[in-house]
Amino acid sequence: MATMKSVRTGEQNEIDVVDVERPVPGPRDALVRIRACGICGTDTHFLHMGGIPFGPGGSMISLPLGHEPAGEIVEVGAEVTGLKAGDRVVVNPQGAPSGIIGCGGELGGMREYLLIQDAVVGESVAVIPDTVPWHVAALNEPMAVARHCVNRSEAGPEDQVVVFGAGPIGLGATIWLKLRGVRHVVVVDIVPARLETALAVGADAVINSATEDVTARLTELHGQGANALGQPRPDTDIYIDAAGAAAVFNTVLASAKWHAVLVMVAVQKKSDDIDLGGMLRSELTLVASQGYPTEIFEVTPELAEHQDRFAKLISHRVPFSDVERAFLLARTPGAAEKVVVTFDDQP
């Protein structure tokens, strides 16, 4: 029996690297040799919990990790069409019939080989050009999340937008906004290095909310509008929350003009400090953005075309042989921005 290495949640804030049986594809399946897999905030959330509460009485059970994989087809079943050994692919984690890959399903992408169940090009996988580096290809899934957020915003060329949070999703949203021709995009964060990256990927301006008055700076950058009561407010059309902190929501409530839009893509931290009544003063429209209903492979050609810009989002590339360090970096505040595990050292 051939075996391989796979990463699962272990004790709280720890991973387990375990030996499991290497999958054998059935007639409708494909087998992918993983070449790179990103680490997401969802992964670190599972680590912090020590698994997921699906056991008896809500007890935690271990789960396989990794939902941002890219790799090479090594074997296809007899009934699979459109794929062949040697094809480079990105994966739709939500396309597996056994559950979302790396997010509670039976399979995880942080392993040496991944079974693609019922492999269908355009649904479960998409072929990528061999000119795209593996670490950039592993950004396909999070960039689909960012693209859906921008799609939900319905931002157009004449809009002025602010993005709170210069992590991978916020920066990805910034790139998509500029690629679709939005005229002015501001990024807000408290980490100077993140703000430098925001400018490098195309933001028109940045605001350090730890040292600057966000509302005043937005007024300088976007001009002056008014809320439903005629009170002066920045002429910002769309706010994107890729941070998830109560301070962001309250800043938007204090800044929003009449009929402004707030798109929430970040997982929201619980707080009793949000005054929803403030929405009335601007008739603020609140839009939630979850996952990527259609965007998972819509982004793939543009990820390839603009790969140099997207590559700037990656702060660390760590070999799979040192995967424990990769997860330590990812779960340590301030230690890393985007960590991608590479499998170049695998046999």
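Keep in mind that this is a model prediction, so the values were computed, not measured.

Participant: What exactly am I supposed to notice about the overall build of the protein chain here?
Facilitator: In terms of helices and strands, the protein chain carries 10 helices and 17 strands. Computed over C-alpha atoms, the radius of gyration of the protein chain comes to 21 Å, within 12% of the 20 Å expected from 2.2 N^0.38 for 347 residues, which places it in the range of a compact globule. With the C-alpha coordinates of the protein chain rotated into their principal frame, the extents come out at 70 × 45 × 30 Å. Residue burial in the protein chain is summarised as follows: out of 347 residues, 54% are buried. With the model as given, the accessible surface of the protein chain reaches about 14800 Å², and the carbon-plus-sulfur share is 51%. Each charge class in the protein chain was averaged separately, 27 positive and 44 negative side chains, and the resulting centres sit 2 Å apart.

Participant: Before we go on, may I ask you to explain the pattern of salt bridges in this structure?
Facilitator: Any two side chains of opposite charge can pair, on the condition that their charged atoms come close. The final tally for this structure, using the stated rule, is 14 salt bridges. Among the ionic pairs, R35 bridges to E72, the shortest N-O distance being 3.0 Å. Placement of the pair is R35 in strand β3 (residues 30-38) and E72 in strand β4 (residues 69-76), with a sequence separation of 37 residues. Exposure remark for R35: the relative accessible area of 16% places this residue in the buried category. Overlapping salt bridges, with partners in common, bring together D189, R194 and E337 in one network.

Participant: Teacher, can you tell me more about the packing of helix α3 (residues 140-153) against helix α4 (residues 168-179) here?
Facilitator: Helix packing geometry: the angle between the two helix axes and the distance between the axes. It is the contact of α3 with α4, at a shortest axis distance of 8 Å, that shows an interaxial angle of 60°. The orientation of α3 with respect to α4, classified from their angle, is oblique. The element α3 and its partner α4 pack so that their crossing is right-handed. Mapping the contact onto sequence places P142, M143, V145, A146, R147 and V150 in α3 and P168, I169, G172, A173, W176 and L177 in α4.

Participant: Help me understand the pairing of strand β8 (residues 160-164) in this model?
Facilitator: Consecutive residues of a regular strand have side chains that alternate between opposite faces of the sheet. Within β8, 5 of the 5 residues are buried, which leaves the element mostly enclosed by the surrounding structure. Judged by which residues are buried, β8 turns out to be covered on both faces: Q160, V162 and F164 on one side and V161 and V163 on the other are all buried. Looking at chain direction, β8 and strand β9 (residues 184-189) are connected through 5 bridges and run parallel. Bridging across to β9, Q160 finds its partner in H184. Crossover β8 to β9 through α4 is right-handed.

Participant: How should the sheet that holds strand β10 (residues 205-208) be read in this particular structure?
Facilitator: In a beta sheet, neighbouring strands are held together by backbone hydrogen bonds and run either parallel or antiparallel to one another. Strand order in this open sheet of 6 strands is β10-β9-β8-β13-β14-β15, and the pairing throughout is parallel. The open sheet terminates on both sides in strands that have one partner only, identified here as β10 and β15 (285-288). Ignoring which end each strand starts from, the neighbouring axes of this sheet average 20° apart. Sheet analysis places strand β13 (residues 238-241) next to strand β14 (residues 261-264), joined by 4 bridges and oriented parallel. From the neighbouring strand, I238 faces β14, where its bridge partner is V261. Sitting on the sheet, helix α5 (residues 192-200) is in contact with β9 and β10, with an inclination near 170° to β10.

Participant: What exactly am I supposed to notice about empty space enclosed by the protein here?
Facilitator: Empty space among the atoms becomes apparent when a probe as large as a water molecule is rolled across them. In this structure the tally under the stated criterion is 1 cavity of 30 Å³ or more. Looking at the largest cavity, its volume works out to about 40 Å³.

Participant: Sorry, what's going on with the environment of V163 here?
Facilitator: Secondary-structure assignment places V163 in strand β8. Measuring from C-alpha to C-alpha, the distance between V163 and I238 comes to 8.6 Å, with 75 residues separating the pair along the chain. The residues contacting V163, other than those within four sequence positions of it, are G170, T174, L177, V185, V186, V187, V188 and I240.

Participant: Would you explain α3 in this entry?
Facilitator: Residues that lie three or four places apart on an α-helix share one face, since the helix turns once every 3.6 residues. Helix length check: α3, at 14 residues, gives a terminal C-alpha distance of 20 Å against a target of 20 Å (1.5 Å per residue), a fit within 8%. Burial analysis of α3 places 12 of its 14 residues in the buried class, the great majority of the element. Those residues of α3 that sit buried are N140, E141, P142, M143, A144, V145, A146, R147, H148, C149, V150 and S153. After α3 finishes, the residue E154 shows a positive phi value of roughly 55°.

Participant: Mind showing me how you'd approach the environment of E305 here?
Facilitator: Here E305 is to be found in helix α8 (residues 300-305). E305 sits in the exposed class, given a relative accessible area of 59%. Along the backbone, E305 and C37 are 268 residues apart, and their C-alpha atoms lie at a distance of 20 Å.

Participant: What's the story with helix α10 (residues 323-331) in this structure? I'm lost.
Facilitator: Three or more residues of α10 are buried, namely V323, A326, F327 and L329. End-on view of α10: buried residues confined to an arc of 155°, all on one side of the axis. At its buried positions, α10 is contacted by β1 (3-9), β2 (15-21), α1 (41-49), β16 (316-319) and β17 (339-342).

Participant: What exactly am I supposed to notice about the packing of aromatic side chains here?
Facilitator: Ring pairs (aromatic) are described by centroid distance and by the angle formed between their planes. Inspection of the entire model under this criterion finds 2 aromatic pairs. When the ring of W176 is compared with that of F310, the centres are 5.1 Å apart and the planes differ by 50°; the resulting orientation is tilted. Of the two residues, W176 is situated in helix α4 and F310 in helix α9 (residues 307-311); the sequence distance between them amounts to 134 residues. Like W176, the residue F310 is buried in the burial classification. With centroids separated by 4.5 Å and ring planes inclined at 20°, the aromatic side chains of F320 and F343 adopt a geometry described as stacked. A residue pair is termed long-range when its members are at least 10 positions apart, and F320 in the loop between β16 and α10 and F343 in the segment after β17 qualify at 23 residues. This pair shows no difference in class: F320 is buried, exactly as F343 is. The cationic tip of R147 hangs over the ring face of W176; the distance from NZ or CZ to the ring centre is 4.5 Å.

So, how was this worked out
Residues numbered from 1 in each chain as written. Predicted model: local features only at pLDDT ≥ 70, side-chain atom pairs only at ≥ 80, totals over all residues. Heavy atoms only, no water. Helix = DSSP H or I, 4+ residues; strand = E, 2+ residues; numbered from the N terminus. Rg over C-alpha atoms; globule rule 2.2 N^0.38 Å. Buried < 20%, exposed > 50% of the residue type's maximum accessible area, 1.4 Å probe, protein only. Areas by Shrake-Rupley, 256 points an atom, 1.4 Å probe, with all protein chains shown as cover. Lys, Arg positive; Asp, Glu negative; His and termini not counted. Charge placed at Lys NZ, Arg CZ, Asp CG, Glu CD. Salt bridge = Lys/Arg side-chain N within 4 Å of Asp/Glu carboxyl O. Axes fitted to C-alpha atoms, helices over the stretch in contact; angles between N-to-C directions. Parallel < 35°, antiparallel > 145°, perpendicular 65-115°, else oblique. Left-handed = near helix turned anticlockwise from the far one by under 90°. Contact = heavy atoms within 4.5 Å. Pairing = 2+ DSSP bridges. Right-handed = clockwise from strand over helix to strand, strands pointing away. 1 Å grid on protein atoms, 1.4 Å probe; cavity = no way out; pocket = protein on both sides within 12 Å on 5 of 7 lines; lining within 4 Å. Points joined across faces, edges and corners; volume = space filled by probe spheres on them. Expected span 1.5 Å × (residues − 1). Arc of directions from axis to C-beta. Phe/Tyr/Trp six-rings, centres within 6.5 Å; stacked < 30°, edge-to-face > 60°. Lys NZ or Arg CZ within 6 Å of the ring centre and 35° of its normal.

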